[in-house]
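Per-entry structural report
The primary structure of each chain is shown beneath.
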Amino acid sequence: MPTLMINGQPHSVDVDADTPLLWVLRDILGLNAAKFGCGIAQCGACTVYVDGKAVRACNLPVGLVGTRAITTPEGLESADPVVQAVKSAWVALDVVQCGYCQPGQVMAAVALLRTTPNPTDEQIDSAMSGNMCRCGTYMRIRAAIHHAAGELA
Amino acid sequence: MTHAFSFLPAKRVSLSGTVTLTALLLATLCLPTHAAHASAAEEGTPGNTPVERGQYLTHASDCEVCHTAPGGMPYAGGRAFKIPGMGVVYSTNITADKQHGVGAWSDAEFVAAVKQGVSPGGKHLYPAMPYPAYSRLSDQDVRDIRAYLATLPTSASAAPKNNLRFPFSIRSLMIFWNIINGPTSAYPDDTSKSAQWNRGRWLVEGPGHCADCHSPRTLTFGLSSSKAFGGNTLNGWRIYNISSDPKSGIGGWTEAELAQYLSTGHADGHGTASGDMADVIGHSLRYLTPADIQAMVTYLRSTKPVSTPQDSVTFRNVANGDASLPQNSRGARLYASACAGCHLPDGTGRQSSFASIAGGRSLGADNGRNLIQVLVNGTGLQTATGVQIMPHFTGGGLSNRDLADIAAFVMTHFTTAQPHDLEKQVEQTVKERD
């Protein structure tokens, strides 16, 4: 019965070590912001952080997480300047269309800006290329990341 | 006898010219059938009871991987071994079932099968069963393995019949093969070396039978001793050079990296085991004690260096943490969308250390042979915390050309390899896919 540290809170869950983290988050703990998309770590809709690093929860067995800190989209601190900048850029540029992939997009964008505060187009394209958007909002996502980077500068 | 012998191309066999075939035959007939005295190297096997020792030795000998059909019951046999030009051999049921397994055999019969390759009724086994290596186990070791197998569930199903071309279908031909290639026997400790080295040699050359895959074969399908651990190509995979050569083998790895790789299937800076090696880690090596892993490392680092250009890879310095990838080729764009999700642009792995491909030999070795195998067939590794899967990428949205372009990008981005004809190789690998 692994104990997981999720958004700063310990959660004991009765699952096999093989169970993907996303199943635990959505089905057992009701944390539904991370979405199920492809199930094979190809689309990025399920992106969460493990020790601050963006990972695909659909393909990550909980046994491998151990006691490392998990952050879901619910756990993004609004007071965090990077989170704040990304959220307001997303609103300012009206990035979202259907919205299904957007929790993953926001998680990936925040992670990118934390390591690369002023990314080039090329850095945005490769960092975000693991996050699919069937509505094709890619150009607005790229612009919004530049916008957020400008706000933070 | 001469006639039968002519089926085997004996020309390349490296025998001393002064030894005549007759003398060899006589020597073979005089092979000791009793147990050679157990060496000090064997004393490290943990376990308080025969069953506990047997369980450890069954893991160390990796019996399960070969004696289990894909998805089948453990030890019930039925895994196919395709031998080019000869046919198919199936592994047998070694559960304790009295009719289809080994339950009705005497201990002596079981020992003879494992160590000499002769099963009850004088039936000669094919050397897909590594009895020349297992002959280094003591009779007591083999009886302990049997004691452990007897505690497991039995299977009342027989393995499929072998499908071998004439003349390989004649089992007694193995008498001649054995004269040339094998069974050796337990050997005394090398007193000039440490106990740890001797234990390592025994584990590597005995139960571990590493050379069965990692050494090239002679023309008579014996193991090459001159190029021992110099790598081989089996079932379309490159089995890498694990000699002590710093460029082609494992001479450039630290002891800690080797120990991490053997005990978990991954070493930081060297990638993750895939294909058959993933099975060897998952079903065998990860059960060994740290002392035994260290002993194997000590021995492997002492082997004669063998140079093999196809296993030598020069890595490019890809900046750690660099999130940008060139977007100027199909392969680069495909890698960004299909691979970087787990492996990250710099190859250091997003999901877990197992997804770190940085420094893996398959990124550049042997014109992408294993890289393409992994893309086409996928691979899985059993770890202490669940199975790690790399999915295959055939039959989905990616064409053969896409996979070839991804492979070409990976090879040229992470290493200095100069790939050629990759699409043909992808096509061939897809065709051979079961």
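Residues numbered from 1 in each chain as written. Chains lettered and ligands numbered in written order. Predicted model: local features only at pLDDT ≥ 70, side-chain atom pairs only at ≥ 80, totals over all residues. Heavy atoms only, no water.

- An unreviewed UniProt entry annotates chain B as Alcohol dehydrogenase originating from Acetobacter pomorum.
- Listed in UniProt under the heading Subcellular location (unreviewed entry), the comment for chain B reads: "Cell membrane". (UniProt positions renumbered as here; feature names shortened; annotations may be inferred.)

- If you look chain A up in an unreviewed UniProt entry, it shows as (2Fe-2S)-binding protein from Acetobacter pomorum.

Concerning the overall build of chain B
- Within chain B, the regular secondary structure consists of 17 helices and 11 strands.
- Counting only residues that meet the buried cut, chain B has 51% of its 434 residues in that class.
- Across chain B, the fraction of contacts at a sequence separation of at least 24, relative to all contacts at a separation of at least 6, is 64%.
- Total accessible area on chain B is roughly 19,600 Å²; 57% of this is exposed by carbon and sulfur atoms. (Helix = DSSP H or I, 4+ residues; strand = E, 2+ residues; numbered from the N terminus. Buried < 20%, exposed > 50% of the residue type's maximum accessible area, 1.4 Å probe, protein only. Contact = heavy atoms within 4.5 Å. Areas by Shrake-Rupley, 256 points an atom, 1.4 Å probe, with all protein chains shown as cover.)

Overview of the UniProt feature "binding site: heme c 2" (unreviewed entry) in chain B
Residue and element names in this part refer to chain B.
- Sequence positions flagged by UniProt for "binding site: heme c 2" (unreviewed entry) are, in local numbering, C210, C213 and H214.
- By the secondary structure assignment, C210 is in the loop between helix 9 (195–205) and helix 10 (211–214).
- Take C210: its relative accessible area is 16%, and that puts it in the buried class.
- Apart from residues lying up to four places away in sequence, C210 is in contact with V204, F229, I242 and M296.
- Mapped onto the secondary structure, H214 falls in helix 10.
- A residue is classified by how much of its surface remains accessible, and H214, at 12% relative accessible area, is buried.

Some words on the interface of chain A and chain B
- Residue-level contacts link 21 residues of chain A with 22 residues of chain B.
- Both sides of the chain A and chain B interface together cover about 1,800 Å² of buried area, and 51% of this is carbon and sulfur.
- For the chain A face of the interface with chain B, the top three residues by lost area are Q42(A), L64(A) and S126(A), together amounting to 26%.
- In this structure, the connection of chain A to chain B is made through zero salt bridges.
- Inspection of the chain A/chain B interface yields five residue pairs in polar contact (both at pLDDT 80 or more).
- Those elements that provide at least two residues to the side of chain A that touches chain B are strand 4 (53–56), helix 2 (62–65) and helix 5 (121–128) of chain A.
- Partitioned by chemical class, the residues of the side of chain A that touches chain B number 10 nonpolar, seven polar and four charged. (Buried area = accessible area lost by both parts, 1.4 Å probe. Salt bridge = Lys/Arg side-chain N within 4 Å of Asp/Glu carboxyl O. Polar contact = N/O pair within 3.5 Å; in protein donor to acceptor, adjacent residues only side chain to side chain. Nonpolar A, V, L, I, M, F, W, Y, C, P; charged D, E, K, R; others polar.)

Details of the domain arrangement of chain A
All names here are of chain A.
- Under the domain assignment, chain A is made up of domain 1 (3–75) and domain 2 (81–152).
- Just the C-alpha atoms count here: the centres of domain 1 and domain 2 sit 21 Å apart.
- Taken together, the 16 residues of domain 1 in the interface contact 10 residues of domain 2.
- For the pair domain 1 and domain 2, the summed buried surface comes to about 1,000 Å²; carbon and sulfur atoms form 59% of the total.
- Ranking the residues of domain 1 by area buried against domain 2 places K35, C43 and Y49 at the top, with a combined share of 41%.
- Where domain 1 touches domain 2, the interface holds zero salt bridges.
- Applying the counting rule to domain 1 against domain 2 returns seven residue pairs in polar contact (both at pLDDT 80 or more).
- Those elements giving two or more residues to the side of domain 1 that touches domain 2 turn out to be strand 3 (47–50) and strand 4.
- Grouping the amino acids of the side of domain 1 that touches domain 2 by side-chain chemistry returns eight nonpolar, six polar and two charged. (Domains from an automatic or database assignment.)

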